[in-house]
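# Remarks on the overall topology
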Amino acid sequence: MANAASSVFKEVAFKGFDGDLNVYVLQFWVSVFQVVTNFLMMPIYTLPMLGPQQVLLERVPALMTGGSRCLFLLEDQVKINCGVADEHVCDHCATAWIPVLGHLIFNILCNIFAVLVIKHSSAALSFLITTLRMPLAALAFSSPAVMGAEAVPAGPQDVF
C-alpha cells in the first residue's frame, strides 16, 4: 500500500511539475523523507511484542555508535561470548563494508530505475513490475542454471 502510494505521489510530482523534474532531485527528497521517518519510528523497536528483537530505547545510541565503528573503523564490537551455539554471532567488521556497499549500489540503482519507469510511463506500470518481481525471482532461483544443485522445484505457492 505504501509503495503504491509512493509511486502515485511520484507520478503526480512528475506530471505536475512545469519542465523536466530531475530524477535525482526527486530521489534526494525521498531519501530525506525516509531518514526522518525512520528516526521518528525508532520507538517501534522498543515494543515488548518484538520479543528477543526488542531494543531498549536507551541502548539505541550505543548500538548506532557500535555499528558505525564496525562499518567505518572496522572495529569488531562482539568479541566475547560469541560464535558458540545459542550465542551471538561474532563480528567480522573487516569485511562488513562489502555487503553494505553492494546493498547501497543495488538499492540506489533499483530506486532510480523505478523512478524512471514512473517518469516515462506510469505508477500503474511500476506497480505491475513490482508485483511480478517476487514470483519471477522465485522461479529464477528454482532453476538449476541459477542455483545449481541447491535449486528447489517451484510450487504453486511461488507463483500465487
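Everything in this summary refers to the structure shown in the same document. Just so it is clear, the model here is predicted, and its values are computed rather than measured.

In protein structure, a disulfide is the covalent linkage between the sulfur atoms of two cysteines. Here the structure, examined in full by the defined rule, presents one disulfide. C70 shares a disulfide with C93; S-S distance 2.0 Å. The S-S bond linking C70 to C93 shows a torsion near -105°; that makes this disulfide left-handed. Here C70 is found in helix 3 (residues 60-73), whereas its partner C93 is found in the loop between helix 3 and helix 4 (97-120), with 23 residues between them in sequence. For C70, a relative accessible area of 13% puts it in the buried group.

Another point: the environment of C82. Along the chain, C82 turns up in the loop between helix 3 and helix 4. When neighbours within four sequence positions are excluded, C82 is seen to be in contact with E87, H88, V89 and C90.

Okay, the nonpolar core next. Judged by nonpolar contacts, F14, L21, V23, L26, V30, I112, V115 and I118 together constitute the single largest core of eight residues. Among all residues touching V115, those that are not within four sequence positions of it are K10, F14, V23, L26 and Q27.

In this section: the pattern of salt bridges. According to the stated counting rule, one finds two salt bridges in the structure shown. A salt bridge links D20 to K119; the shortest N-O distance between them is 2.7 Å. Placement of the pair is D20 in the loop between helix 1 (2-16) and helix 2 (23-40) and K119 in helix 4, with a sequence separation of 99 residues. Classification of D20 as exposed rests on a relative accessible area of 60%. According to the relative accessible area criterion, K119 is buried, its value standing at 19%.

Let us look at helix 5 (residues 123-141). With 19 residues, helix 5 ought to run about 27 Å at 1.5 Å a step, and its terminal C-alpha atoms sit 27 Å apart, in line with that. Of all bends in helix 5, the biggest is about 35°, found at R133, and the proline P135 comes one to four residues later. Those residues of helix 5 that sit buried are A123, S126 and P135.

What follows covers a nonpolar patch on the surface. Where nonpolar side chains cluster on the molecular surface, the patch consists of V25, F28, W29, V32, V36, L40, M41, I44, Y45, L47, M49 and L50 and spans about 1200 Å² of accessible area. By secondary structure assignment, the location of V25 is in helix 2.

Scanning all chains against the criterion turns up one aromatic pair. Here the aromatic rings of F28 and W29 are separated by 5.0 Å at their centres, their planes lie at 75°, and the arrangement is edge-to-face.

Quick look at the layout of surface pockets now. It is a probe the size of a water molecule, rolled over the atoms, that shows where empty space is left. As a volume, the largest pocket reaches approximately 860 Å³. Lining the largest pocket are 28 residues, and of these K10, Q27, Q34, N111 and A114 lie nearest its centre. Contributions of two or more residues to the lining of the largest pocket are made by helix 1, helix 2, helix 4 and helix 5. Among the residues forming the lining of the largest pocket, the class breakdown is 16 nonpolar, 10 polar and two charged. Size it by volume and the second largest pocket reaches roughly 520 Å³. As for the second largest pocket, its lining consists of 15 residues, of which R59, L63, V78, H88 and D91 are closest to the centre. Looking at side-chain class alone, the lining of the second largest pocket contains seven nonpolar, six polar and two charged residues.

Procedures and definitions
Residues numbered from 1 in each chain as written. Predicted model: local features only at pLDDT ≥ 70, side-chain atom pairs only at ≥ 80, totals over all residues. Heavy atoms only, no water. Disulfide = S-S within 2.5 Å. Helix = DSSP H or I, 4+ residues; strand = E, 2+ residues; numbered from the N terminus. Buried < 20%, exposed > 50% of the residue type's maximum accessible area, 1.4 Å probe, protein only. Contact = heavy atoms within 4.5 Å. Core = buried A, V, L, I, M, F, W, Y, C linked by side-chain atoms within 4.5 Å. Salt bridge = Lys/Arg side-chain N within 4 Å of Asp/Glu carboxyl O. Expected span 1.5 Å × (residues − 1). Bend = angle between axes of the 7 residues up to and from the residue. Patch = residues over 30% accessible without salt bridge, like charges linked within 9 Å, V, L, I, M, F, W, Y side chains within 5 Å. Areas by Shrake-Rupley, 256 points an atom, 1.4 Å probe, with all protein chains shown as cover. Phe/Tyr/Trp six-rings, centres within 6.5 Å; stacked < 30°, edge-to-face > 60°. 1 Å grid on protein atoms, 1.4 Å probe; cavity = no way out; pocket = protein on both sides within 12 Å on 5 of 7 lines; lining within 4 Å. Points joined across faces, edges and corners; volume = space filled by probe spheres on them. Nonpolar A, V, L, I, M, F, W, Y, C, P; charged D, E, K, R; others polar.

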